[in-house]
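# Secondary and tertiary structure notes
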Amino acid sequence: MIVNLLRAWRVCAGAALLVCLLGSQALSAPAVGVTAMDLREATTAGAWKPAHDISALTPGPEGLAIAISGGDPYMVGPASDYPEGQPLWVTVRVRSEQGGDLQLFYYGEGSGPGEERAVHMAVPPGVWANVRAPLPPLGPSTHFRIDPPGDHGVCVIQSVTVEPRVLFAAPSWPKPLPFSVKPSDLTLRSGDLSLRHASDRLGAWSASVAAKPMASGNSRAMLGYLIGEQIRWLDLTGARARVTANKTNLIVTATAVDADGGKWSFRQIFSAGPRPGVISVLSSVAVNVERRVVFVPLFTLLPGLGTFGEQKGHALFGGYEYLDRNEPSSSEADIIGPGHFRLVPDTLGITVPLMVVQADDRYIGLTWNPADQVAALFDSPDRQLRSGAHLLALIAPGAGAQTRAAGSLLPYDPLVMTPNQPLQVGAALVGGRGASVLPAIQVATALNRLPPLPTLMARDDYVKAATTAWLSSKVRDGVSYRHAYSPGGGWSAQPIADGPLFMEWLAEFTRDPDEAHKLRLHASAVLKAVSRADVGSAGVGHVRSVAPALLFGPIIEEADRADRAARALLSRFEPNGSIRYEKPASGNDLGRTHFARDANGLTAQVVSVLLEDAALSGDPGLIKSAIARLHGLDRFANSAPRGAQTWEVPLHTPDILASAYLTKAYTLGFEITHDFKLLNQASAWAWSGVPFVYLRNPTNGPVGPYATIAVYGATQWVAPNWMGLPVQWCGLVYADALYRLALFVPTGPWRRIADGITVSGIQQSYPVSDPDLAGLLPDSFNLRAQTRNYPAINPASLAPEAARLYGGLPFYSMRGFPTVGVVVHVPGLIDEVREKGGVATFDIRPWMSGRLTLMLSGLQKGTRVAVNGETLDLSKEPTYDPKTGRAALPFHGRLEFEISSATAVKAAPKAQRTKTEQEREREHEREREREREREHDRK
């Protein structure tokens, strides 16, 4: 998801296809209305011409063999005529050595190929596959351009078949009616959530939260099935129902007979959930004869029906929609074209199975167990049933990229129901108090539980892959490095200082002395190419820190630079504390679909950098100004995270980087001030990022759990469509913020989620068997095909999180001590922090052996610093500058620090100014016990 995307890695998740693997049977004769291009025939194959990165097109008995010679291969076919006004299918029979994304462009004589006129098909490697995609009506003289998957090897296309795509027509849906209360109604309660059900009608119920009606079911549902090619609709309004109750359950049974004699049975069991505010639902539908169904309402929730109506505060559909006040779903604010329809989207793109609407300081929603035959329906407000409310439902058949037209409630193909074999879904109603959807995210996460971590690569294997990446991959150019590599080029090499830092970590952990020697020699050579002034800033990773300056120097000069940079950043803020989006001199105005010219993610990124620079400077006035800008973010509380990737994505688009920057900013604020209100805000924004993380496995492939979606939208509103298409580098920035937060909120899920994201990043990285790309992170990953997309990103983008995962210690920690007025910067972990009465004590645990440097900033006259019980004479430290209050101190191994303010020094008796040997021994024993626990956890 980098600027100047190349075609070779453009994958539109909204058009990713369910691949049907077939044998090598001969093509059947074309049916009426079918255009079949058999590329095994020399004349047909000869009409296709290589256009780019293809060294040869060779017809043969299996089809047209495409010899790929670069990262952007494509060939162009002849013009063909297609019926006007007729939606179409295109099916490509293909075998690709590499597998990945096959892209097909369609365009007329007067136009050319473009992302808005293209479909994508996921091709598995090494096998014959028929891959299919829907096409709009084309008309006469239409050309196809095919971009085969991969950047080398051979891809064979046997045929391209175009046939009519038949769309079923929806009925005139009966308008749902609000629930009317009767004395015979039955009630079930769970915390603030209560459900009231009519005693004799299916779907006739209402849900209340804290005594306020919030939603209803649909008592006027319809079910659609096929007889021949005709749809028959069964109106369930008159279904005979019986509702019984016991202490913990409401059991609903109903029957109905269709016009063709089929007897339908419906059963719903509502139970008090495993926690307050949750009502579990098991819903099933069966029929006594075989039926081909096109619409089965398994469970329907209509938030606002008969109460707050179409209004809302916020809404969420995990993986697809993150809406603020009264924003409509399926809008074109984030994506234009068919991809903006997210009514019944591809189940692959659902990250967290949660649909929720918030209004009146309450939320009501639905979470469920995803299943192949079940699709999720989300419309806010409801434009399908025209209920005057919002529509959340679970329906059958299921939803895949090739099973439904964009925005259609009805599929292309029916689902065959076997006699007396029920369709069923397990779900839960969730409801409670809340000013946003965040409480619902927390409840859904707890109910569904975090998935187990994917299989973790052994540390030795990771070290080998990362070492190969630094020493011999395509991102290296001598002693300089590219941010990313793609066969088409686009990234120039530059001097870096973060790479040598990570090479030192690898040298620390490798079991091969020769490899450690090579890493350190190369790190030294790479570092020599970096000017002294750039050691703190030169890098290619997405997560930056001052760790290189602490390890290699010059940290004092870096603090001077940070002071200047922070003062410059302050001038960028608007009077209200925001950062304004400015339209570029050329190109799209990416702010034109947003309701403001600023966004929380855009502002938070600058605030995070400002806080880091101010803390490094140590200047009290600068820190105060930075904290004030942090509080300017408070006005975004409870809103959707947005607008952090405006180099290519619209400002309005919900964005995991926004969650990352907001979480980091508030955590930094807490680290500096120890204000627990800031820590609460950091936790809230951390929850806002959870719906971008796959907390389920959307396929049977190894890569899936903890993969991360970058945004709920598309580049430049069009393509790539990033929903359902993980971009793990964005998730790793979020994971970095979570690792930081987890140090202060250990009871939350943050360490587990951060570990999961990191493990998924390692899974997605190129294997060591590919020496050119080993250890590099793909820009995006195709979940169905389990293949990687260019460009391949440098190993620094994964290294900080991998170090935490495997080594347990960060490369850099910062901690402020407000009563002492000092900020501490350490290459490692600041632990065992205590601050009371103007005295701060803490331990330092470095991440590597050898001689290191830490920095104290903000030191004031009279401040006393003791290390391992011995008072330092700062006046004798060569790097101590009393004017700026900074001191860079060399150290080796673990240290115990005690810093006392001048006031505390004067007030405290001399005997109390240092720790006793007995106290230190007790602390050492506690640390040894914690280390044993950590080692047990790692094992």
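Residues numbered from 1 in each chain as written. Predicted model: local features only at pLDDT ≥ 70, side-chain atom pairs only at ≥ 80, totals over all residues. Heavy atoms only, no water.

## Structural notes on empty space enclosed by the protein
According to the stated counting rule, one finds six cavities of 30 Å³ or more in the structure shown. Counted as a void, the largest cavity has a volume near 180 Å³. As for the largest cavity, its lining consists of 18 residues, of which Leu202, Gly203, Asn218, Gln268 and Pro297 are closest to the centre. Every element with two or more residues in the lining of the largest cavity is listed here: β20 (263-272), β21 (278-287) and β22 (291-303). Considering each element in turn, the lining of the largest cavity owes the most residues, four residues, to β22. Taken as a whole, the second largest cavity encloses approximately 120 Å³ of empty space. Residue lining of the second largest cavity: 14 residues in total, with Asn218, Phe295, Pro297, Thr300 and Leu385 positioned closest to the centre. Counting only elements with at least two residues in the lining of the second largest cavity, the list comes to β22 and β28 (391-396). (1 Å grid on protein atoms, 1.4 Å probe; cavity = no way out; pocket = protein on both sides within 12 Å on 5 of 7 lines; lining within 4 Å. Points joined across faces, edges and corners; volume = space filled by probe spheres on them. Helix = DSSP H or I, 4+ residues; strand = E, 2+ residues; numbered from the N terminus.)

## Here's the deal with the sheet that holds β20
What the nine strands build is an open sheet, ordered β18-β19-β20-β21-β30-β26-β25-β23-β24; its pairing is antiparallel. Each end of this open sheet is capped by a strand with a single partner; those strands are β18 (240-245) and β24 (321-323). The sheet shows a mean angle of 10° between the axes of neighbouring strands, taken without regard to direction. Bridge count for β20 against β21 is nine bridges, and the pairing is antiparallel. Across the sheet, residue Gln268 finds its bridge partner in β21, namely Ser283. (Pairing = 2+ DSSP bridges. Axes fitted to C-alpha atoms, helices over the stretch in contact; angles between N-to-C directions.)

## A look at the environment of His197
You can see His197 is positioned in strand β13 (residues 193-197). When the C-alpha positions of His197 and Trp687 are compared, they lie 33 Å apart, and in sequence the two are 490 residues distant. For His197, the residues in contact, after removing those within four places along its chain, are Phe179, Asp185, Leu186, Gly203, Ala204, Trp205, Val243, Leu250, Val252 and Phe270. One polar contact links the side chain of His197 to the main-chain carbonyl oxygen of Ala204, over a distance of 3.3 Å. (Contact = heavy atoms within 4.5 Å. Polar contact = N/O pair within 3.5 Å; in protein donor to acceptor, adjacent residues only side chain to side chain.)

## Focus: the pairing of strand β11 (residues 154-164)
Counting buried residues in β11 gives eight out of 11 residues, a clear majority hidden from the surface. Relative to β11, strand β1 (residues 35-38) is paired through four bridges, and the arrangement is antiparallel. Within β11, the position partnered with Ala36 by the bridge is Thr161. Direction of pairing for strand β4 (residues 63-68) relative to β11: antiparallel, over a ladder of four bridges. Residue pairing for β11: Ile66 is matched across the bridge by Cys155. (Buried < 20%, exposed > 50% of the residue type's maximum accessible area, 1.4 Å probe, protein only.)

## Things to note about the packing of aromatic side chains
Tallying each qualifying case throughout the model produces 27 aromatic pairs. Both rings, one in Phe817 and one in Phe842, keep their centres 5.1 Å apart while their planes meet at 15°; by these two values the pair is stacked. Placement of Phe817 in strand β36 (residues 813-817) and of Phe842 in strand β39 (residues 839-846) is noted, with a sequence separation of 25 residues between them. You'll find Phe817 and Phe842 in the same group, each marked buried. An aromatic cluster of at least three residues, connected via ring pairs, comprises Trp470, Tyr481, Phe502, Phe811 and Trp847. The ring centre of Trp89 lies 3.4 Å from the NZ or CZ of Arg132, which sits over that ring. (Phe/Tyr/Trp six-rings, centres within 6.5 Å; stacked < 30°, edge-to-face > 60°. Lys NZ or Arg CZ within 6 Å of the ring centre and 35° of its normal.)

## Focus on the layout of surface pockets
Where empty space is left can be seen by rolling a probe of water-molecule size over the atoms. Looking at the second largest pocket, its volume works out to about 1100 Å³. What lines the second largest pocket is a set of 49 residues, and nearest its centre among them are His542, Val543, Arg544, Ser545 and Lys664. For the lining of the second largest pocket, the secondary-structure elements that each account for two or more residues are α4 (498-509), α7 (555-570), α8 (600-617), α10 (656-673), α12 (728-742) and α14 (799-807). Here the element with the most residues in the lining of the second largest pocket is α8; it accounts for nine residues. Here the lining of the second largest pocket is composed, by residue class, of 28 nonpolar, 11 polar and 10 charged. (Nonpolar A, V, L, I, M, F, W, Y, C, P; charged D, E, K, R; others polar.)

## Some details on helix α11 (residues 676-689)
Because each turn of an α-helix spans 3.6 residues, side chains separated by three or four positions in sequence point in the same direction. Look at α11: 20 Å from first C-alpha to last across 14 residues, which is about the 20 Å you get at 1.5 Å a residue. Where burial is concerned, most of α11 is hidden: 10 out of the 14 residues are buried. Among the residues of α11, Leu678, Leu679, Gln681, Ala682, Ser683, Trp685, Ala686, Trp687, Ser688 and Gly689 are the ones counted as buried. In this structure Asp675 caps α11, since a side-chain oxygen of it lies 2.9 Å from the backbone nitrogen of Lys677. (Expected span 1.5 Å × (residues − 1).)

## What about the pattern of salt bridges?
What the rule picks out here adds up to 38 salt bridges. With a closest N to O distance of 3.0 Å, Arg291 and Asp258 form a salt bridge. Within this pair, whereas Arg291 is found in strand β22, its partner Asp258 is found in the loop between β19 (249-257) and β20, the two being separated by 33 residues in sequence. Given the relative accessible area of 8%, Arg291 is considered buried. When the shortest N-O distance is used, the salt bridge between Asp563 and Arg567 registers 2.8 Å. With Asp563 and Arg567 both in helix α7 and four residues apart, the pair spans about one turn of that helix. Given the relative accessible area of 42%, Arg567 is considered partly exposed. (Salt bridge = Lys/Arg side-chain N within 4 Å of Asp/Glu carboxyl O.)

## As for the confidence of the model for the protein chain
Chain-level pLDDT for the protein chain is 92 on average; 93% of the residues reach the 70-or-more range. A low-confidence stretch, residues 2-32 stays under pLDDT 50, and its non-local contacts, those more than four residues away or across chains, total 100 contacts. Across residues 911-918 the pLDDT falls below 50, and counting only partners more than four positions away or on other chains, this stretch makes 15 contacts in the model. (pLDDT = per-residue confidence, 0-100.)

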